[in-house]
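Chain by chain, the residues run as shown.
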Amino acid sequence: MAEIVVVKDLTKSYGQLVKTLVLKNITYSFEKGSFTAVIGPSGSGKSTLLNILGLLERPTSGQLIIDGQDFSRGEVNDYSEYRNRHLGFIFQFHYLLPEFTVLENVLLPVWIEAGRPEGAIYRKALELMSAIGISQLKDKYPAEISGGEQQRTAIARALINDPRIVLADEPTGNLDRETGFAVLEVMTGMIRELGTTLIMVTHDREIALRAERVVELVDGRICRSFVVKEEGVERVKTLLEDRRCVFSD
């Protein structure tokens, strides 16, 4: 399977006088069409890595290649058009605009890219919403629907532009377990159907075990990674329960 995202010796630090190193020489390749879960304790650098992969932050050093294009040195504002067109984002908080209906929220990336959508795009949005099970909510506002329905709306919004990559940061973190797993099933089902690459940060190891690959960060470094199918779910589960971590260098 071809690689779609490659990072080499990626580092990220904050501060001028006193530097805090958050990511330390990250090297990893994400395969096209795969579902990768990024796990690790709080403060391990998971969200920072996702923000860099999503072109929301620039790395301090190292290389970031997305679909053959080098994004290592540019300013994040320069990538806004690419970000909106080729990347989809799903966060722990849905970030729906309260004054817009569910349908209007789903259509926001299209509005940003090309202005007011035409009829064909409306039909596409409704078809996508129907597949996710929220077409009946199209005229409701975010405050009028449940947390699971809000997150499904965020999923539809992330997919409306047919992104190459979807980045999800704790997308089920604000949901109860049953709703969270239901939303996850919807999200992964749609991603696999469309052949989209999914990179998800999660603190929930049970959710991570539903991915094809699991990457564990500790103290800003990759301490281990697994191809779940090769290792077997039960073995990966056992390995992840062992809190000891062996770094490659």
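Residues numbered from 1 in each chain as written. Predicted model: local features only at pLDDT ≥ 70, side-chain atom pairs only at ≥ 80, totals over all residues. Heavy atoms only, no water.

## Considering the overall build of the protein chain
What counts here: A run of H or I in DSSP becomes a helix once it reaches four residues, and a run of E becomes a strand once it reaches two; helices and strands are each numbered from the N terminus. Type-normalised accessible area, obtained with a 1.4 Å probe on protein chains alone, sets the label of each residue: buried when under 20%, exposed when over 50%, and partly exposed for intermediate values. Between two residues, a contact is recorded if the distance between any of their heavy atoms is within 4.5 Å. All accessibility values rest on the Shrake-Rupley procedure with a 1.4 Å probe; residue burial counts only the protein chains present in the view. Neither His nor the chain termini are counted; the positive set is Lys and Arg, and the negative set is Asp and Glu. To locate a charge, take NZ of a lysine, CZ of an arginine, CG of an aspartate or CD of a glutamate.
Across its full length, the protein chain carries ten helices and ten strands. Considered along the principal axes of its C-alpha atoms, the protein chain spans approximately 55 × 40 × 35 Å. A burial count over the protein chain gives 50% of its 249 residues as buried. Residue pairs at least 24 apart in sequence account for 67% of intrachain contacts in the protein chain once pairs closer than 6 positions are excluded. A total of about 12200 Å² of accessible surface is found on the protein chain, and carbon and sulfur atoms cover 49% of it. Between the centroid of the 30 positive side chains of the protein chain and the centroid of its 35 negative side chains there is a distance of 3 Å.

## What to know about the sheet that holds strand S9 (residues 213-218)
Note the cut-off: Pairing between strands is defined by DSSP: at least two bridges between them are needed. Here an axis means a line fitted to C-alpha atoms, over the contact stretch when the element is a helix, while the angle between two N-to-C directions is reported on a 0 to 180 degree scale.
As summarised here, the arrangement of the six strands in space is S6-S7-S8-S3-S9-S10, forming an open sheet in which the pairing is mixed. One side of each edge strand has no neighbouring strand; the edge strands of this open sheet are strand S6 (87-91) and strand S10 (221-227). Averaged over neighbouring strand pairs, the angle between their axes works out to 15 degrees when direction is ignored. Inspection of the sheet shows strand S3 (residues 35-39) paired to strand S8 (residues 197-201) by four bridges, in the parallel sense. Bridging from a neighbouring strand, Ala 37 pairs with Met 200 of S8. Where helix H1 (residues 46-53) meets the sheet, it contacts S3, S6, strand S7 (165-169), S8 and S9, and its direction lies at approximately 155 degrees from that of S7. Here helix H10 (residues 233-241) sits on the sheet in contact with S3, S9 and S10, set at roughly 160 degrees to S10.

## As for the environment of Tyr 82
Along the chain, the position of Tyr 82 falls in helix H2 (residues 80-86). Residue Tyr 82 is classed as buried on the basis of its relative accessible area of 17%. Sequence spacing of Tyr 82 and Pro 163 is 81 residues, and the spatial spacing of their C-alpha atoms is 10.0 Å.

The analysis is restricted to geometry; functional conclusions fall outside its scope.
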